[in-house]
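So you can see what is in the structure, the chains are spelled out below.
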Amino acid sequence: MTAPIRLTVAQALVRFLTVQFTERDGERHRLIGATWGIFGHGNVAGIGQALLESAADMPFHQGRNEQAMVHAAVGYARQSGRLSTHAVTTSIGPGATNLVTGAALATVNHLPVLLLPGDTFATRPADPVLQQLEVPYAGDVSVNDCLRPVSRYFDRITRPEALIPAALQAMRTLTDPAATGAVTLALPQDVQAEAYDWPPEFFAERIWTVRRPPPDPDELTAAVAAVRAARRPLVVAGGGVRHSAAEDALRAFTAATGAPVASTQAGKGALPWDDPADVGGIGHTGTATADALARTADLVVGVGTRWTDFTTASGTLFAPGTRFLNLNITPYDGHKMAGLPLIADARAGLDALTRALTGPDPYPPDPAYRAEYTRAKAHWETRVDTAYAAPDPTARPTQTQVLGALDALVTADDIVVNAAGSLPGDLHKLWRARSRDQYHLEYGYSCMGYEIPAAIGVRLAAPGRPVWALVGDGTYLMMPTEIVTAVQEGVPIKVVILQNHGYASIGGLSASVGAERFGTAYRHRADDGTFTGAPLPVDLAANAASLGMRVLRARTVGDLREALAVARASDVPTCVYTETETPDTVSGAPPAQAWWDVPVAETATRAAAVEAREEYDRQVTARRRSL
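Residues numbered from 1 in each chain as written. Predicted model: local features only at pLDDT ≥ 70, side-chain atom pairs only at ≥ 80, totals over all residues. Heavy atoms only, no water.

1. Points about the pattern of salt bridges
Defined as follows: Any carboxyl oxygen of Asp or Glu that lies within 4 Å of a side-chain nitrogen of Lys or Arg is treated as forming a salt bridge with it. For the purposes of this entry, the term helix denotes a DSSP run of H or I that reaches at least four residues, the term strand denotes a run of E that reaches at least two, and both are numbered from the N terminus. To sort residues, take the accessible area from a 1.4 Å probe on protein chains only and compare it with the maximum for the residue type: under 20% means buried, over 50% means exposed, and anything in between is partly exposed.
For the structure shown, the criterion picks out 27 salt bridges. A salt bridge links Asp361 to Arg228, with the shortest nitrogen-to-oxygen separation between them at 3.9 Å. With Asp361 in the loop between helix H14 (346–357) and helix H15 (367–388) and Arg228 in helix H8 (residues 217–229), this pair connects stretches of sequence that are 133 residues apart. A residue is classified by how much of its surface remains accessible, and Arg228, at 27% relative accessible area, is partly exposed. Among the salt bridges present, the one from Glu247 reaches Arg436, with a minimum N-O distance of 2.9 Å. With Glu247 in helix H10 (residues 247–257) and Arg436 in the loop between helix H17 (423–430) and strand E19 (439–441), the pair connects residues that are 189 residues apart, well separated along the chain. For Arg436, a relative accessible area of 34% puts it in the partly exposed group. Each of Asp25, Arg212, Asp345 and Arg347 takes part in a single network of salt bridges with overlapping partners.

This is the structure:
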């Protein structure tokens, strides 16, 4: 009999994590590729000491903000196809609660990340300890309980032997394509340092198969019948296409059916922009082509999408009587929109549909339908050209002209990361995705501050590829801290800062709902108490330089083109900073092609709000529930 191995709980956990692997389609990946950490009294002597002992086997990244570390891990996980991720360790107290936003982002987007927050003493030798939350009605509650609702699996390890089942359940959840998200193992600081005799089998290499469940035969029969009955089918590609690596299967399905493919933010890039079937983004930030097709589709095939309000234009986009077929690995999402569920892996489901539709009695694509959306797509691309065009190289660029300059430079190797502000809308409408993983938008949680740390994670997962973090000034100010990490680690991300003096996206929304851009501009306070004075003298380029980045200032369109080219070739973290012109004076992105429900004050004294409510009442009448 093999003798037990005596280790602390922290040492055992780290050793266990180094021998966990995933496998899909015969390819093997290390499940936990590295650990991020910021140390305090709640984890320094436990997990910190264990990581030091295992430095040769478990790579470590030093973060500056706990939320940002989660974003970096999520970026890595998405770029790795959910087959590999990172762990994140923090101290107790604020270090642990800073994880909540990142955990919610991971869970909303179905992306795996392992969270290892320190916790208060399990044995309670002193009560309270530093940073302990005292709850009068319960002695077993700590701030880590904030992570329960945003985690797909949560456990608190109050005894050493409890780590074994908890760690196995954690790995099961991380590798389950239908249930993955944030996984939290809360680690009391005394238990982390406690020794235990571990069975050697706990440290044996373990392979977790990431399954591809096929569709149920009866559901498949119903799905095939629905497609055969359709005359104007439309595919909506969501993030599940990418997570399943189902792009080739999607292409084969569209070839068999002639169905055009619109995409959510998470699904954009499922087909390259120049594929004849790709009609661009759908919904509130979608293209006119995709939204017009949605309004006349008789069958909408959702592949790996959660059907959020941006995609459905808050229930106003699709015509009454439209049928939905939902191919999704998660039953919860497969039954949305009162649709026919086809619960399966996206690739397996698409392959099965295509085989059934190309057999002895093939589905007949309609050439007239294909010609219709091909013409509409060509017309939209002229609008993209107009938005991107910058005929005067001496002028200050607009935001869309910045995208145009980047579009002219990148190849299929480049990866563009964004999450919040007005950029997601412009990108969803305009960006010409050249590869399956070029378009990296986090729009499930749309978290300001995601872009820079996520770009680090993406670059770690895709070494050698240019990775761009596109941020406005509002997003930059939320979380520039991981620039220091990029500099320290020599991760040559490219950060493009667009200075537009405020929250441009919410400012525009505020104006449309009668709130008159209140509190959205970065300006001095005026005599009337509003923030309508001169722009703040904030120099974000100087800030980025102070954090160690190489900074290139671009004052004109010509400067911008040169700076972007230099940044792309740079082998150090590089920032391109430009102050953008408003689209009110020169061409900008086309307006929204579909509505989005943001309730407006039902009663108000200011004319702007009264007019906005009248428009809201008109728009809301088009909302329908799919039943």
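2. A closer look at the sheet that holds strand E2 (residues 20–24)
As a reminder of what qualifies: Here, any two strands with at least 2 DSSP bridges between them count as paired. Inter-axis angles, ranging from 0 to 180 degrees, are taken between N-to-C directions of lines fitted to C-alpha atoms, where helices are fitted over the stretch in contact.
With mixed pairing, 3 strands are arranged side by side in an open sheet as E3-E2-E11. Where the open sheet ends on each side, the last strands, each with one partner, are strand E3 (27–30) and strand E11 (206–209). With direction set aside, neighbouring strand axes in the sheet form an average angle of 30 degrees.

3. Some remarks on a nonpolar patch on the surface
The test is simple: What goes into a patch is any residue over 30% in relative accessible area without a salt bridge, connected to like charges within 9 Å or, for nonpolar side chains (Val, Leu, Ile, Met, Phe, Trp, Tyr), within 5 Å. Note on areas: these come from Shrake-Rupley sampling with a 1.4 Å probe, and a residue is covered only by the protein chains present in the view.
Residues Phe39, Val44 and Phe60 make up a contiguous nonpolar surface patch of roughly 230 Å² in combined accessible area. Inspection of the secondary structure assignment puts Phe60 in strand E5 (residues 60–62).

4. What to know about the environment of Leu271
How we decide: By definition in these notes, contact holds between two residues if any of their heavy atoms fall within 4.5 Å.
Inspection of the secondary structure puts Leu271 in the loop between strand E13 (261–263) and strand E14 (278–281). Under the relative-accessibility criterion, Leu271 is labelled buried at 2%. In this structure the C-alpha to C-alpha distance between Leu271 and Arg251, which are 20 residues apart in sequence, comes to 7.2 Å. Apart from the residues lying within four places of it in its own chain, the contact partners of Leu271 are Glu247, Leu250, Arg251, Val261, Ala277 and Asp278.

5. So, the pairing of strand E23 (residues 574–579)
Put simply, side chains in a regular strand alternate between the two faces of the sheet. Short version of the rule: If the strands point away from the viewer and the path from the first strand over the helix to the second runs clockwise, then the crossover is right-handed.
Among the 6 residues in E23, 5 count as buried, and that is most of the element. Sheet topology places strand E21 (residues 494–499) next to E23; 6 bridges connect them, and they run parallel. Looking at the pairing, Val496 lines up with Val576 of E23. Pairing of strand E22 (residues 550–554) with E23 involves 5 bridges; the strand directions are parallel. Its bridge partner lying in E23, Arg550 is registered against Thr574. Each parallel crossover has a hand, and the one from E22 via helix H23 (residues 557–569) to E23 is right-handed.

6. Comments concerning the nonpolar core
Applied cut-off: Here, nonpolar core refers to any group of buried Ala, Val, Leu, Ile, Met, Phe, Trp, Tyr and Cys residues whose side-chain atoms link them within 4.5 Å.
Residues Val88, Val113, Leu115 and Ile493 are the most contacted members of the largest nonpolar core, which totals 48 residues. Ignoring sequence-local partners within four residues, the contact set of Val88 consists of Trp36, Met69, Val70, Ala73, Leu99, Val113, Leu114, Leu115 and Leu116.

7. Observations concerning empty space enclosed by the protein
Rules: Think of a 1 Å grid over the protein atoms and nothing else: a 1.4 Å probe that fits but is trapped marks a cavity, an open set flanked by protein within 12 Å on at least five of seven lines marks a pocket, and residues with an atom within 4 Å of a point count as lining. Grid points are joined across faces, edges and corners, and a volume is the space filled by probe spheres set on the points. Residues are sorted three ways: Asp, Glu, Lys and Arg are charged, Ala, Val, Leu, Ile, Met, Phe, Trp, Tyr, Cys and Pro are nonpolar, and all the rest, Gly among them, are polar.
One pass over the structure, following the stated rule, counts 4 cavities of 30 Å³ or more. The computed volume of the largest cavity comes to approximately 160 Å³. Along the walls of the largest cavity sit 19 residues, with Lys268, Asp278, Gly280, Glu381 and Trp431 positioned nearest its centre. If you list the elements that add at least two residues to the lining of the largest cavity, you get E14, H15 and H17. A per-element tally of the lining of the largest cavity places H15 first, with 4 residues. Class assignment for the residues of the lining of the largest cavity results in 8 nonpolar, 5 polar and 6 charged.

8. Focus on the sheet that holds strand E9 (residues 182–188)
Picture the strands of a sheet paired through backbone hydrogen bonds; they go either parallel or antiparallel. In spatial order, the strands read E5-E4-E6-E7-E9-E8; together these 6 strands make up an open sheet with parallel pairing. Because the sheet does not close on itself, it has two edges, and the strands there are E5 and strand E8 (153–156). Averaged over neighbouring strand pairs, the angle between their axes works out to 20 degrees when direction is ignored. Note that strand E7 (residues 113–119) and E9 share 5 bridges and pair parallel. Directly across from Leu115, in E9, lies its bridge partner Thr184. Taken strand by strand, helix H5 (residues 99–108) contacts strand E6 (85–90), E7 and E9, and its axis lies near 155 degrees from that of E7.

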